[in-house]
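Letter by letter, the chains look like this.
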Amino acid sequence: PKHYLLDVNQWFIPLAAKIAHWCRERPSPLVIGIQGAQGTGKSTLAALLSLLLREKYQLNVANLSLDDFYLTRSERHHLSKAVHPLLRVRGVPGTHDLTLLKNTFDALRKHDSGACIALPRFDKAVDERVDPMLWASIDAPVDVIIFEGWCLCVPPEEEAALKMPLNDLEKNEDPDGRWRRYVNARLKEDYPLIFNQMDTLVVLQAPAFASVYDWRLLQEEKLKTKHGAQSGRVMCPSEVKRFLLYFERLTRHAMAVLPKRADVVYEVHRDHRYQLLKA
């Protein structure tokens, strides 16, 4: 869209220039984290920065998404039986394959010239990891890793904050708080191993949680357009509304605390225009 091109010229081309400058100053590969609620434009920004860094600065860029490291459906089914039924749904901390993610980061950080590194992919339309034979790959050495995710670098909540249900999902399906405490424990104990690898954190700050619903609907429409008749698992509006209840607690928490922790913050307006708040 024309308005996005305006933001690209005003905000994101300068950001790419900064990243290229940082890349010359710091040991490679430089890791750039992009965090934001669903629909804020993380994937689009990651793809744009990857393109700019490759074409304008001749940097070798690995573009990763936390969403590509979900546990498989069978693994989440097992987790739902062993821990809590709500963990069958992908999304929250505890539903990612952190071993696969760490191994991927470790491979990308090596400087073995000519090594071919596989980049895992997850297909949301069918809610399953893509066959490894179809994964993308990148040749080492890598200059920049761009890593985007909705809960990237979000700290755990205080125990007191977990006592009261936040929405109907928590009230009706997690009345004793077992699910949300498990999620919080994973965020505290397991995810820092990955989050601490970020050299720079870019936050895309939504104006309010209510905007996330409209943006997520737009994402589902794009999935439907992309997959056509194969889009049986694309969510309808009521399903989107329920799905977001899984993310609401940590999304609100992230919106409250991450701007202060981030290196770069862009405010995302309801019309998807961007404004630089912190650099």
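In this report, the structure presented in the accompanying data block is examined. All figures in this text were calculated on a predicted structure; none of them were measured in a lab.

**Observations concerning the overall build of the protein**
Helix and strand content of the protein: nine helices and ten strands. Against the 2.2 N^0.38 benchmark of 19 Å for 279 residues, the protein shows a C-alpha radius of gyration of 19 Å, consistent with a compact globule. For the protein, the residues scored as buried account for 52% of the 279 residues in total. Taking the contacts inside the protein whose residues are at least 6 apart along the sequence as the reference set, 76% of them involve residues at least 24 apart. Summed over all atoms, the accessible surface of the protein reaches about 13400 Å², with 53% contributed by carbon and sulfur. A gap of 2 Å separates the mean positions of the 39 positive and 35 negative side-chain charges of the protein.

**Some remarks on the sheet that holds strand β10 (residues 274-278)**
With mixed pairing, six strands are arranged side by side in an open sheet as β2-β7-β1-β8-β9-β10. Since the sheet does not close on itself, it has two edges, and those belong to β2 (61-65) and β10, each with one partner. Adjacent strand axes in the sheet meet at a mean angle of 20 degrees, parallel and antiparallel pairs treated alike. Where strand β8 (residues 200-205) lies against strand β9 (residues 264-268), four bridges are found, and the strand directions are parallel. Across the sheet, the residue bridging to valine 203 is valine 265, located in β9. Contacting β1 (30-36), β2, β7 (144-149) and β8, helix α2 (residues 42-55) crosses the sheet at an angle of about 170 degrees to β7.

**With respect to the pairing of β7**
For β7, a buried count of six out of six residues is recorded, marking the element as mostly surrounded by other parts of the structure. Both faces of β7 are covered, namely the face carrying Val144, Ile146 and Glu148 and the face carrying Ile145, Phe147 and Gly149. Where β1 lies against β7, six bridges are found, and the strand directions are parallel. For valine 31, the partnering residue across the bridge sits in β7 and is isoleucine 145.

**Points about the pattern of salt bridges**
Counting across every chain of the model gives 17 salt bridges. One salt bridge connects glutamate 157 with arginine 249, and the closest N-O pair in it is separated by 3.3 Å. In this pair, glutamate 157 is assigned in the loop between β7 and α5 (168-173) and arginine 249 in helix α9 (residues 237-261), connecting sequence segments 92 residues apart. In the salt-bridge network here, residues are joined through shared partners; they are Arg76, Arg90 and Asp127.

**Topic: α9**
An α-helical turn contains 3.6 residues, so any two residues separated by three or four positions project in the same direction. Relative to the 36 Å expected for 25 residues at 1.5 Å per residue, α9 spans 33 Å between its end C-alpha atoms, a close match to the ideal helical length. Of all the bends in α9, the greatest, near 55 degrees, is centred on phenylalanine 247.

**Some details on unusual backbone geometry**
In the segment running from alanine 140 into proline 141, the intervening peptide bond is cis, with an omega of 0 degrees. Within the element layout of this structure, proline 141 appears in the loop between β6 (136-139) and β7. Positive phi, close to 65 degrees, is recorded for cysteine 153, a residue that is not glycine. Relative to the assigned elements, cysteine 153 resides in the loop between β7 and α5. Judged by its relative accessible area of 16%, cysteine 153 is buried.

**Focus: the packing of aromatic side chains**
Under the definition given, this model contains eleven aromatic pairs. Taking 6.0 Å as the distance between ring centres and 45 degrees as the angle between the ring planes, the aromatic pair formed by tyrosine 4 and phenylalanine 12 counts as tilted. The residues tyrosine 4 and phenylalanine 12 share a single accessibility class, namely buried. On the numbers, 4.8 Å between centres and 65 degrees between planes, the contact of phenylalanine 243 with phenylalanine 247 is edge-to-face. With a gap of four residues between them, phenylalanine 243 and phenylalanine 247 both fall in helix α9, about one helical turn apart. Taking the relative accessible area as the measure of exposure, phenylalanine 247 reaches 2% and is therefore buried. Aromatic ring contacts, followed pair by pair, group Trp150, Trp179, Phe243, Tyr246 and Phe247 into a single cluster. Stacked on the ring of tyrosine 182, the Lys or Arg arginine 186 has its end atom at 5.0 Å from the ring centre.

Criteria and cut-off values
- Note on numbering: residues in each chain are counted from 1, in written sequence order.
- Local features in this predicted model are restricted to residues of pLDDT 70 or higher, and side-chain atom pairs are both shown and tallied only at a pLDDT of 80 or more, whereas totals for entire chains, interfaces and linings draw on every residue.
- The basis for every side-chain value is the complete set of non-hydrogen atoms in the structure, without hydrogens or water.
- Here a helix means four or more residues in a row that DSSP labels H or I, a strand means two or more in a row labelled E, and each is numbered from the N terminus.
- Each radius of gyration reported is based on C-alpha atoms, and the globular scaling rule is 2.2 Å times the count of residues to the power 0.38.
- Burial here depends on accessible area, computed with a 1.4 Å probe over protein chains only, as a share of the maximum for the residue type. Under 20% is buried, over 50% is exposed, and the range in between is partly exposed.
- Note on contacts: a residue pair qualifies if any of its non-hydrogen atoms lie within 4.5 Å across the two residues.
- Using a 1.4 Å probe, accessible areas were evaluated by the Shrake-Rupley method; residue-level cover was limited to the displayed protein chains.
- The convention is simple: Lys and Arg are positive, Asp and Glu are negative, and His and the chain ends are not counted.
- A charged residue contributes its charge at one atom only: NZ of Lys, CZ of Arg, CG of Asp or CD of Glu.
- Any two strands with at least two DSSP bridges between them are considered paired.
- Axis angles are defined between N-to-C directions and span 0 to 180 degrees, where every axis is a line fitted to C-alpha atoms and, for a helix, only to the segment in contact.
- A side-chain nitrogen of Lys or Arg and a carboxyl oxygen of Asp or Glu constitute a salt bridge if their distance falls within 4 Å.
- What a helix should span is 1.5 Å times the count of its residues minus one.
- Take the seven residues that end at a residue and the seven that start at it, fit an axis to each, and the angle between those axes is the bend at that residue.
- Classification of ring pairs rests on two measures: the distance between centres of Phe, Tyr or Trp rings, Trp counted by its six-membered ring, which must be within 6.5 Å, and the angle between planes, read as stacked under 30 degrees, edge-to-face over 60 and tilted in between.
- A ring has a charge above it when a Lys NZ or an Arg CZ is no more than 6 Å from the ring centre and no more than 35 degrees off the ring normal.

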